[in-house]
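Structural characterization, general
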Amino acid sequence: MDSVQVDAYLRRLGAGRPARPTTDALRELQLLHLRAVPFENLSVHLGEEIVLEEKRLLDKVVGANRGGFCYELNGAFGALLGALGFDVTLLAARVYGEEGRLGIPYDHLALRVRTVDGGDWLADVGFGANSHRPLAIGVRDEQADPAGTFQVVEAAPDAAGVRGGGVAAAEAADLDVVMNGEPQYRLEVRPRVLRDFVAGAWWHSTSPGSHFTRSLVCSRLAEDGGRITLSGRGLTVTAADGTREVRELATDEEVLAVYRERFGIALERVPEVRDFSRAGW
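Residues numbered from 1 in each chain as written. Predicted model: local features only at pLDDT ≥ 70, side-chain atom pairs only at ≥ 80, totals over all residues. Heavy atoms only, no water.

- Looking at an unreviewed UniProt entry, the protein chain carries the name Arylamine N-acetyltransferase, with the source organism given as Streptomyces justiciae.
- Per UniProt, the protein chain has the following entry under Sequence similarities (unreviewed entry): "Belongs to the arylamine N-acetyltransferase family." (UniProt positions renumbered as here; feature names shortened; annotations may be inferred.)

Next comes the structure, spelled out in structure tokens:
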């Protein structure tokens, strides 16, 4: 990522260029990213190809003023942080689903970010309603955040009896990210590269077993700490205190206006959920 691309990305976030890659700078960038760049799966239902390459991610998130799901959002954010001097490592995770079952390998992409003032953080702008601030990856105590109470804890063995890493050192163990007492995803600490996630992104964008192929979502953090979410034609505005206002949008014009005015996304047509049941799975 060159200097021009960095400046364009920062303008998208409404952020200035940090003087140094510090913890405070990381916190501000994550918060601004969550507010400015929506978590959305519109490409899946618009028939747009999802390509996990830095240039294509920047073309989408910065050039086209779009969002994406975890691979795209954290992939792009990781590239920005790296260009700003942060020490960034891509990590793979498996998301907890119904009855505590773990999802597929490379189910989720998150970032480990080290700062020049000694911080070692889990940064994540691609998990929907998640922490507003980076989480201290080496701290096992509860961590307070505007979104709730989080913990990063050493994971117990999974259903196959695997603890993760296969090495006795604690550094090698998988980590569970827990929000308000509920595990969200299981994080591997082994470094990955962006192309490692291609199979996971393909599965989530084509398989009828993926929740991304079964529904539409576009969501971002609101400036007051609440959340704005458009799911199909249903608009939900959640205040910081948890109260919700829900309404159904009656016309295509209303839907397109919400995408444009609430998320900054200009679409030519309203996305509709595609039928992936005949996709060959």
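Let's talk about the sheet that holds strand β6 (residues 143–145)
- The strand order across the open sheet formed by 8 strands is β5-β4-β3-β2-β9-β8-β7-β6, and the pairing between neighbours is antiparallel. Since the sheet does not close on itself, it has two edges, and those belong to β5 (135–136) and β6, each with one partner.
- Across 5 bridges, strand β8 (residues 175–179) lies against strand β9 (residues 182–187) in antiparallel orientation. When the sheet's bridge partners are listed, V177 is paired in β9 with Y185.
- Packing against the sheet, helix α2 (residues 23–36) makes contact with β3 (108–114) and β4 (120–123), and its axis sits at approximately 5° to β4.
- Packed on one face of the sheet, helix α5 (residues 70–83) meets β2 (87–95), β3 and β4 and runs near 20° to β3. (Pairing = 2+ DSSP bridges. Helix = DSSP H or I, 4+ residues; strand = E, 2+ residues; numbered from the N terminus. Contact = heavy atoms within 4.5 Å. Axes fitted to C-alpha atoms, helices over the stretch in contact; angles between N-to-C directions.)

Points about the side chain of S219
- Structurally, S219 is set in strand β10 (residues 218–221).
- The class for S219 is buried, based on a relative accessible area of 6%.
- At 3.4 Å, the side chain of S219 and the backbone oxygen of I228 are in polar contact.
- With near-sequence residues (within four places) excluded, S219 lies in contact with P38, F39, R227, I228, T229 and F263. (Buried < 20%, exposed > 50% of the residue type's maximum accessible area, 1.4 Å probe, protein only. Polar contact = N/O pair within 3.5 Å; in protein donor to acceptor, adjacent residues only side chain to side chain.)

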